[in-house]
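Residue-level listing of the chains:
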Amino acid sequence: MKNFTLLLVMFVINIAAHGQELQNLILKHKNVQEQFSAGLKQSNRLLLPFDLKSALATQTLDSVVYQLLNAGTDSWKNDSKDEYLYDAELRNTGWIGKEWVDSISMWKVVDQLNIGYNENDQIILLESYDVNESGELVLTNKTEAFYSATGLLDSVLHSWKEAEDIWTSGGKQTYHYDESNRLTQMDLTVVSEPEEEGEEE
């Protein structure tokens, strides 16, 4: 029973983290866009002959490469890479995570996140993919967001894939607001499997 309680606590923490994944994703996307915008503005100062005023409306961040410094050789080495995906409206629709493989001097895909939007440009779906033993990207979990008629985040559902076409609900977050549309409370409902008969406490 102690092991079950520990697993349940870890599960609740995991669900809370995934529920925050939507908000963290929005913040990460805004931060990347702000950094990209700042970089373009700086480039505009350096490249005065070129017209970059409309660049922010037509260009997107392609990728970010992370490198490690080898102190012994004082050289940089590729470590990981995030490649960003966009739709025709230039909305970030996901990214692909890659790791550098020295032995073949190539990037290897390790995970992927797809982002879905509604007609109001609000994030409604996060789909996480991981690489299986065969080296293929497979859908492993998803987070769905639901909004009220006024556009406020109403609830977030998290579920993971147990097997082909079998999804298990991991929990639900429900948001409550006051008359001024300020968040006042968030309820977390965790779905757990019933204890087996004869299990000792």
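What comes next concerns the included structure.

Procedures and definitions
Residues numbered from 1 in each chain as written. Predicted model: local features only at pLDDT ≥ 70, side-chain atom pairs only at ≥ 80, totals over all residues. Heavy atoms only, no water. Helix = DSSP H or I, 4+ residues; strand = E, 2+ residues; numbered from the N terminus. Buried < 20%, exposed > 50% of the residue type's maximum accessible area, 1.4 Å probe, protein only. Contact = heavy atoms within 4.5 Å. Salt bridge = Lys/Arg side-chain N within 4 Å of Asp/Glu carboxyl O. Pairing = 2+ DSSP bridges. Axes fitted to C-alpha atoms, helices over the stretch in contact; angles between N-to-C directions. Core = buried A, V, L, I, M, F, W, Y, C linked by side-chain atoms within 4.5 Å.

**What to know about the overall build of the chain**
Moving on, step 1. Helices and strands together make up the secondary structure of the chain, namely two helices and nine strands.
Moving on, step 2. Ordered by position in the sequence, the α and β elements of the chain form the string α-α-β-β-β-β-β-β-β-β-β.
Moving on, step 3. Classification of the 201 residues of the chain by burial places 26% in the buried group.
Moving on, step 4. A separation threshold of at least 6 residues defines the contact pool for the chain, and within that pool the share at least 24 residues apart is 27%.

**Overview of the pattern of salt bridges**
Moving on, step 1. What the rule picks out here adds up to seven salt bridges.
Moving on, step 2. Asp-102 is the partner of Lys-77 in a salt bridge, and the nearest nitrogen-oxygen pair spans 3.0 Å. Note that Lys-77 is positioned in strand β2 (residues 75–86) and Asp-102 in the loop between β3 (92–101) and β4 (106–117), a separation of 25 residues in sequence.
Moving on, step 3. Salt bridges linked by common partners bring Asp-87, Glu-89, Arg-91 and Asp-121 together as one network.

**Quick notes on the sheet that holds β4**
Moving on, step 1. The strand order across the open sheet built from nine strands is β1-β2-β3-β4-β5-β6-β7-β8-β9, with neighbouring strands paired in antiparallel fashion. Two strands close off the open sheet at either side, each with one partner strand: β1 (63–70) and β9 (183–190). Shown here is a sheet whose adjacent strand axes are inclined to one another by a mean of 15°, direction ignored.
Moving on, step 2. Where strand β8 (residues 166–177) and β9 come together, seven bridges link them in antiparallel fashion. Of the residues in β9, the one forming a bridge with Lys-172 is Thr-189.

**A few points about the side chain of Ser-159**
Moving on, step 1. Considering the arrangement of structural elements, one finds Ser-159 in strand β7 (residues 153–163).
Moving on, step 2. The contacts of Ser-159, once residues within four sequence positions are left out, are Asn-141, Lys-142, Trp-167, Thr-168, Ser-169 and Gly-170.

**What to know about the nonpolar core**
Moving on, step 1. Among the nonpolar cores identified, the biggest contains eight residues, and these are Leu-61, Tyr-84, Trp-95, Leu-113, Ile-115, Tyr-117, Ile-123 and Leu-126.
Moving on, step 2. Those elements that place two or more of their residues in this core are β4 and β5 (123–131).

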